[in-house]
Protein chains: 2
Amino acid sequence: METMAGMRRSCGCGKVTENDCGKELTLAGWVNTRRDHGGLIFIDLRDRSGIVQLVLSPQYGEEAFHKAEGVRSEYVLAVKGKVRERSADTVNPKMKTGKVEVVVSELRVLNKAKTPPFYVEDGIDVDENVRLKYRYIDLRRPEMQNHLIMRHKIVHEMRTFLDENDFLEIETPMLTKSTPEGARDYLVPSRVNPGKFYALPQSPQLFKQLLMVSGLERYFQVARCFRDEDLRADRQPEFTQLDMELSFEDQDFILDLMEHMMQRVFKKVLNRDIEIPFKRIKWDDAMNLYGSDKPDLRFDMHFYNISDLLRDTGFKVFRSVLDNGGVVKAINVKGDAAIPRRELDGLVDYVGHYGAKGLAWIGFNEDGSLKCQITKFLGEDKIREIGKACEAEKGDLVLIIADKPKVVAQALGELRLEMARRMNLIDPNEFCFRWVTDFPMFEYSEEEHRYVAEHHPFTAPRDEDVQHLLTDPSKVYAKAYDMVLNGVEAGGGSLRIYQEDLQEKVFKAIGISQEEAEQKFGFLLDAFKYGAPPHAGIALGLDRLVMLMLHLDSIRDVIAFPKTQSAIDPLTQAPSTVADKQLKELHIKVDIKKEKDLFEKA
Amino acid sequence: METMAGMRRSCGCGKVTENDCGKELTLAGWVNTRRDHGGLIFIDLRDRSGIVQLVLSPQYGEEAFHKAEGVRSEYVLAVKGKVRERSADTVNPKMKTGKVEVVVSELRVLNKAKTPPFYVEDGIDVDENVRLKYRYIDLRRPEMQNHLIMRHKIVHEMRTFLDENDFLEIETPMLTKSTPEGARDYLVPSRVNPGKFYALPQSPQLFKQLLMVSGLERYFQVARCFRDEDLRADRQPEFTQLDMELSFEDQDFILDLMEHMMQRVFKKVLNRDIEIPFKRIKWDDAMNLYGSDKPDLRFDMHFYNISDLLRDTGFKVFRSVLDNGGVVKAINVKGDAAIPRRELDGLVDYVGHYGAKGLAWIGFNEDGSLKCQITKFLGEDKIREIGKACEAEKGDLVLIIADKPKVVAQALGELRLEMARRMNLIDPNEFCFRWVTDFPMFEYSEEEHRYVAEHHPFTAPRDEDVQHLLTDPSKVYAKAYDMVLNGVEAGGGSLRIYQEDLQEKVFKAIGISQEEAEQKFGFLLDAFKYGAPPHAGIALGLDRLVMLMLHLDSIRDVIAFPKTQSAIDPLTQAPSTVADKQLKELHIKVDIKKEKDLFEKA
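Residues numbered from 1 in each chain as written. Chains lettered and ligands numbered in written order. Predicted model: local features only at pLDDT ≥ 70, side-chain atom pairs only at ≥ 80, totals over all residues. Heavy atoms only, no water.

Of the regular secondary structure elements, chain A holds 18 helices and 23 strands. Oriented by its inertia axes, the alpha-carbon framework of chain A measures out at about 95 × 75 × 60 Å. Put simply, chain A has 602 residues, and 58% of those count as buried. Long-range pairs, those at least 24 residues apart, make up 68% of the contacts in chain A with a sequence separation of at least 6. As presented, chain A carries roughly 25700 Å² of accessible surface, and 47% of it is formed by carbon and sulfur atoms. Treating the 86 positive side-chain charges of chain A as one cloud and the 99 negative ones as another, the clouds have centres 4 Å apart. (Helix = DSSP H or I, 4+ residues; strand = E, 2+ residues; numbered from the N terminus. Buried < 20%, exposed > 50% of the residue type's maximum accessible area, 1.4 Å probe, protein only. Contact = heavy atoms within 4.5 Å. Areas by Shrake-Rupley, 256 points an atom, 1.4 Å probe, with all protein chains shown as cover. Lys, Arg positive; Asp, Glu negative; His and termini not counted. Charge placed at Lys NZ, Arg CZ, Asp CG, Glu CD.)

To continue, consider the interface of chain A and chain B. When the parts of a complex come together, some accessible area is lost, and that lost area is often taken as the interface size. Each partner contributes to the interface: chain A provides 129 residues, whereas chain B provides 129 residues. Between chain A and chain B, a total of about 11400 Å² is buried, with carbon and sulfur atoms accounting for 58% of that surface. For the chain A face of the interface with chain B, the top three residues by lost area are A:Arg48, A:Phe248 and A:Tyr530, together amounting to 8%. Here chain A is connected to chain B by 18 salt bridges. B:Arg8 is the salt-bridge partner of A:Glu249, the closest N and O atoms lying 3.7 Å from each other. Taken together, chain A and chain B are joined by 75 residue pairs in polar contact (both at pLDDT 80 or more). It is helix α4 (residues 142-164) of chain A that provides the largest number of residues to the side of chain A that touches chain B, a total of nine residues. In the side of chain A that touches chain B, the residues fall into 63 nonpolar, 27 polar and 39 charged. With three bridges connecting them, strand β23 (residues 588-590) of chain A and strand β23 (residues 588-590) of chain B associate as antiparallel partners. (Buried area = accessible area lost by both parts, 1.4 Å probe. Salt bridge = Lys/Arg side-chain N within 4 Å of Asp/Glu carboxyl O. Polar contact = N/O pair within 3.5 Å; in protein donor to acceptor, adjacent residues only side chain to side chain. Nonpolar A, V, L, I, M, F, W, Y, C, P; charged D, E, K, R; others polar. Pairing = 2+ DSSP bridges.)

Turning our attention to unusual backbone geometry. Following A:Ala574, the chain continues into A:Pro575 via a peptide bond in cis, with omega recorded as -5 degrees. Tracing the sequence through the fold places A:Pro575 in the loop between α16 (542-549) and α17 (580-585). With an omega dihedral of -5 degrees, the bond running from B:Ile276 to B:Pro277 counts as a cis peptide bond. One non-glycine residue, A:Asn271, lies in the positive phi region at around 55 degrees.

A few words now on the sheet that holds strand β1 (residues 24-37) of chain A. Residues and elements named next belong to chain A. A barrel is described by the order of its strands in space; here five strands give the closed sequence β1-β2-β3-β5-β4, paired in mixed fashion. Strand-to-strand, the axes of this sheet are offset by a mean angle of 55 degrees, without reference to chain direction. As judged from the seven bridges shared by β1 and strand β2 (residues 40-47), these two strands associate in the antiparallel manner. In the strand pairing of β2, aspartate 36 is matched with isoleucine 41. Packing against the sheet, helix α1 (residues 62-69) makes contact with β1, β2, β3 (50-56) and β5 (100-111), and its axis sits at approximately 65 degrees to β5. (Axes fitted to C-alpha atoms, helices over the stretch in contact; angles between N-to-C directions.)

Moving on, we get to helix α9 (residues 316-323) of chain B. Residue and element names in this part refer to chain B. Inspection of α9 places Phe318, Val321 and Leu322 among the buried residues, and these make up the whole buried set. Buried positions in α9, seen along its axis, are confined to an arc of 95 degrees and lie on one side of it. Structural note: α9 exposes Lys316 and Asp323 on the side pointing more than 90 degrees away from its buried face. Of the surrounding secondary structure, the elements contacted by the buried residues of α9 are α8 (307-310), β13 (327-333), β14 (360-364), α11 (375-378) and β16 (397-403). Within two residues after α9, glycine 325 carries a phi angle of roughly 80 degrees, on the positive side. (Arc of directions from axis to C-beta.)

In the numbering used here, UniProt assigns the "site: Important for tRNA non-discrimination" (unreviewed entry) feature to A:His37. Residue position: A:His37 is located in strand β1. (UniProt positions renumbered as here; feature names shortened; annotations may be inferred.)

This part covers the sheet that holds strand β15 (residues 370-372) of chain A. Residue and element names in this part refer to chain A. The strand order across the open sheet built from five strands is β12-β13-β16-β14-β15, with neighbouring strands paired in antiparallel fashion. Since the sheet does not close on itself, it has two edges, and those belong to β12 (304-305) and β15, each with one partner. By the bridge criterion, seven bridges tie strand β13 (residues 327-333) to strand β16 (residues 397-403) in an arrangement that is antiparallel. Within β16, the position partnered with alanine 330 by the bridge is isoleucine 400. Contacts from helix α12 (residues 380-389) reach β12, β14 (360-364), β15 and β16, with the element oriented near 80 degrees to β14.

This brings us to the packing of helix α14 (residues 500-509) of chain B against helix α15 (residues 514-528) of chain B. All names here are of chain B. Running from N to C, α14 and α15 point in directions that differ by 155 degrees, and their axes come no closer than 12 Å. Relative to α15, α14 is oriented roughly antiparallel. Note that α14 runs across α15; the crossing there is right-handed. Residues Gln503, Glu504 and Phe507 of α14 pack against Gln514, Ala517, Phe521, Leu525 and Phe528 of α15. (Parallel < 35°, antiparallel > 145°, perpendicular 65-115°, else oblique. Left-handed = near helix turned anticlockwise from the far one by under 90°.)

Partitioning chain A into structural domains gives domain 1 (13-111), domain 2 (129-269 + 486-491 + 535-602), domain 3 (299-426) and domain 4 (439-478 + 499-532). On a C-alpha basis, the centres of domain 1 of chain A and domain 2 of chain A stand 42 Å from each other. (Domains from an automatic or database assignment.)

Once that is clear, we can look at the nonpolar core. Soluble, globular proteins show a tendency: their nonpolar side chains are buried together. One finds B:Leu242, B:Met258, B:Met261 and B:Met262 to be the most contacted residues of the largest nonpolar core, which totals 103 residues. Here this core takes 10 residues from helix α6 (residues 251-270) of chain B, the largest share from any one element. When residues no more than four places from it in sequence are discounted, the contact partners of B:Met262 are B:Met158, B:Ile274, B:Phe278, B:Phe433, B:Met483, B:Leu540 and B:Leu545. By size, the runner-up hydrophobic cluster in this structure holds 102 residues, among which are A:Tyr219, A:Leu246, A:Phe521 and A:Met547. (Core = buried A, V, L, I, M, F, W, Y, C linked by side-chain atoms within 4.5 Å.)

Residues and elements named next belong to chain B. Its place among the elements puts lysine 382 in helix α12 (residues 380-389). Since its relative accessible area comes to 13%, lysine 382 is described here as buried. Dropping the residues within four chain positions of it, lysine 382 is found in contact with Leu309, Leu310 and Asp312.

Take the relation of the copies chain A and chain B next. Structural alignment of chain A on chain B gives an RMSD of 0.1 Å, achieved by rotating through 180 degrees and translating 0.0 Å along the axis. Within this description, the copies of the chain are treated as partners about a two-fold rotation axis. Mapped onto chain B, 100% of the interface residues of chain A again fall at the interface, so both copies present the same surface. (Least-squares fit on C-alpha atoms with pLDDT ≥ 70 in both.)

Next up on the list: the environment of B:Leu246. Residue and element names in this part refer to chain B. Topologically, leucine 246 is positioned in strand β10 (residues 238-247). Through-space distance from the C-alpha of leucine 246 to that of phenylalanine 523 is 20 Å; in sequence the pair is 277 residues apart. In this structure, leucine 246 is in contact with Phe167, Met212, Glu217, Arg218, Phe253, Ile254, Pro534, His535 and Ala536, ignoring residues within four places of it in sequence.

Residue and element names in this part refer to chain A. Inspection of every chain in the model, using the stated rule, returns 36 aromatic pairs over all chains. Both rings, one in phenylalanine 278 and one in phenylalanine 433, keep their centres 4.3 Å apart while their planes meet at 5 degrees; by these two values the pair is stacked. Remark: phenylalanine 433 occurs in strand β17 (residues 433-437) and phenylalanine 278 occurs in the loop between α6 (251-270) and β11 (279-282); sequence separation between them is 155 residues. For phenylalanine 278, a relative accessible area of 4% corresponds to the buried category. Under the relative-accessibility criterion, phenylalanine 433 is labelled buried at 6%. Here the aromatic residues Phe266, Phe278, Phe431, Phe433, Trp435 and Tyr481 are joined through ring pairs into a cluster of three or more. (Phe/Tyr/Trp six-rings, centres within 6.5 Å; stacked < 30°, edge-to-face > 60°.)

Position of B:Glu74 relative to the elements: it lies in the loop between α1 (62-69) and β4 (76-85). The contacts of B:Glu74, once residues within four sequence positions are left out, are A:Tyr530, A:Gly531, B:Trp30, B:Val31, B:Arg46, B:Ala113, B:Pro116, B:Val120 and B:Arg140.

Residues and elements named next belong to chain A. Here helix α10 (residues 341-352) crosses helix α13 (residues 405-422) at 140 degrees, and the two axes come no closer than 10 Å. Accordingly, the angle class assigned to the pair α10 and α13 is oblique. When the axes of α10 and α13 are compared, the crossing they make is right-handed. Facing α10, whose interface residues are Glu343, Leu347, Tyr350 and Val351, α13 presents Ala411, Glu414, Leu415, Glu418, Met419, Arg421 and Arg422. Class assignment for the residues of the contact of α10 with α13 results in six nonpolar, no polar and five charged.

All right, on to the confidence of the model for chain A then. On average, chain A scores 94 in pLDDT, and the residues at 70 or more come to 98%. This prediction of the complex comes with two scores: 0.95 for pTM and 0.95 for ipTM. (pLDDT = per-residue confidence, 0-100.)

Residue and element names in this part refer to chain B. Taken across its seven residues, strand β3 (residues 50-56) has six buried, putting it largely inside the fold. Here seven bridges tie strand β2 (residues 40-47) to β3, and the two strands are oriented antiparallel to one another. Residue arginine 46 lies in a different strand from β3, and its bridge partner there is isoleucine 51. Linking β2 to β3, which pair antiparallel, is a turn of two residues.

And the structure:
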């Protein structure tokens, strides 16, 4: 193998332009393809910046030509050569460098390469486990490189914006204390303190609040967080959030700041103008109108509550739902009245996955007739009345679900999304931001027979709701906000409680005793006694946000080395067994249940 | 308690200037001090930006005045008031805002505060454990805030520089694979994969090399790293490094790039001009001349090797050292001939701590006489000859150590530093950079009876030394470099091996079998088969670098929430015991030896 001794790259392969014609350049990169044609050898040389065509001929450089004969895909080369214009018939308009080629006078083979397990090109159809096992090849593909480049740019732009706005990036510990609230912790046994464990942070929440008590005023961190939860497609055991906290400002200030940050990042990185301020919608309204606290509002198709219209109906199905605290809601799918019956049956199955026991439909046919399986129970007048309530015109399809409020919200919400996809209502290039505000402070846990904090127990209640804290927690809403982008939660935060008496009330409302609070969050509560300022914060899920900005479907495509859904890295084979000596030093033993026990539990 | 509802801060307390006179401002912050004087109340209000004086009088605002009567240190206030010039006799030239004061018309007490355990002021003398337990108070002190502000600025400037130079910040995994080479790993038990463990990264070394194989070309990361080693003053279980790797460039390019980065950071953050290029010194020379691979060259005082001068001496002490492969070296402490005898005896003890069995001295008195305890063994001629060799003039003190080369290097090296401190040769404001290059590739491990890699086994040997790899590893030097600042290693890196045959030779040289290599680094070696480019990297220890830039003595002063030397966080009490349920889920058991065993082992 040869080295680059004495050579220095002139520029990236993808940066060669017509302006370089006549110049001698030094380039380096990977052989994307090699073609032999008419006694010449053509090599597409690829580096991070792009691809350029090399031409070799014994006439231009005999030694280089002979070396090129032995060259195969993914070999690493360094070359010297003169740039020239391609002849008109060989110009490649699809390539950025398609008007030029480099006539090679010197070629060095820096390294050979085995045949890669899949092509280094975009749009491949390869099992993801194979891509992850050979991630170093997968990451050579221009689209994957672009994801990481964009991610870098997005995060760098955020940092610059926050720096300009007087935020300090402050690192908080990774080896910290296990707090039993929240998700499951990853634990790290301590060698020096036998029997004791650190926990990897689920978020820097407590530390960033401590930094506010410290008077640092404006903090941010691109923070790695860890949750040992069962993984779904958009979750990873470790993930990254843009974590922020600031003092002495209110909700409007924070939302405004975030909007300006997003506007700046979208403009600078994607060259896209996004409109600010983002529209805001209260949690109650989002749930009532779209059945979701993260509604996709690239299209409307909101819910109509037709419960009142049906209270007097004799139709047993609706009646019993309404009598038992349920609701009847509908969506109007514009222009879909001609939907085939078989498809409607499919929709019944679809909502069934989300717990809905049935689905009623009313097609308002173009000829004025109705396509409806419940006319016989309600009468045509009632059906027309429902149509009016749902603003249905000729050609529209109204879909109705009657069930418990939670079920209606979820099933009709999912149906709304599904119908929008089928009707092509979603512009894949659009970015639709919303703030969802005024979340409920508590959720009643059927399991624990008590109210639990919807966010975390440091979230501040709305001033006007404080009176209900100890009498009816269900009436208390929080100063909390989520940033929603295209129907995905991109981030969330809240104003925090910073006054002792209010914090005590909140703990009381969720049945946490003073003693328990001390044990779990004692150091934060102590800190609050020494002069805590009013403060608030937000955290954006960076992996997800980058994924959305690049219109991708998986966060694994914006993470260099992600893990599978079994939390395994197919490349390094982490996690792995370790030496007994290591465990001994950490004062722990592996304690695997017998297979039988495992099966019994599963 | 009151809120800031309807208020918005005009600016930071420390930003109020004479130009604001007559304006009404809204300020918020902590009560630094309160003084009652002549019927008025004076409050120094402090926030991150500084301190400003508030004046309250019943005449300016009766309610505000009465609230101020109840205010104590560290209460959190928001105030409205008009800025006015102070009268000439009350101007405080020590304060940035000392020419003005704010006449308060409205005051809100946002929060009360208990009396803090120590004063919120610079230069306090408080036990560090107390400072760490109440870190949120400690971090209110202006000097601590400044450390974090400077750290933020330094790191932000580095990022901006690297971004401008086409480096991509790419996050690598924290939950990764345990590799038995190197320091002790922190382990994280896997719940989903019973009996298996992740390791927290000691550095992103393997991943950054994989990114080079991926063709990302220029990578950096402000990376948290973990080493479960016994802690010294300048070590933490988790620390941060600026980690970099790049392809297709040589050592000169990297060193030059780092020099420009440091120059830029020093200029932008500290407004200090530092000279580049940094001088380079080879490892052999550094060891020979200063006894250290990280020499402090803010002063010279290099070693003189006087072995040859003494080979023919009859003086048994020197003779037996020289006959047994030892060396005799000296330093010349200019102008210290008048050192008292008692102090010289102290120096003998001092070098004794570093293993030197003795110390000889020659004082060249101003009157031409000698102060020397070995004249009787060597004769005055020889002593004068030594003086000449050491360039000693009247008034100088020559200190001599004879021992094994390693002992001389360490003991005389430490003595050199100690004498420089005593002679006040070190300008505490100077920044003296050096590159130490050409490190030995291997070190002979007496313990393992084999050569081991001095850096890591992917460091490339110098081209001219490859021939000795399998015959005499001691002759092989590496393409490795350390950045040294004021005698502290601020970072280090190397060119990497990227060719299979060379890598195999190196493994062979340190007795790692093909099989063992596969098992430990298999995925990296595999990756290298698919077209690895020439690449190199460096990592700077950020905590240490920031500490040096701020002229501090402890890295704990530039880390927001550091741990003690027992790896404990006195604030959160991490690490802690955890619930049995947590351990069960992770398939591990605590396995503490009985106290008796622990004692026996200790």
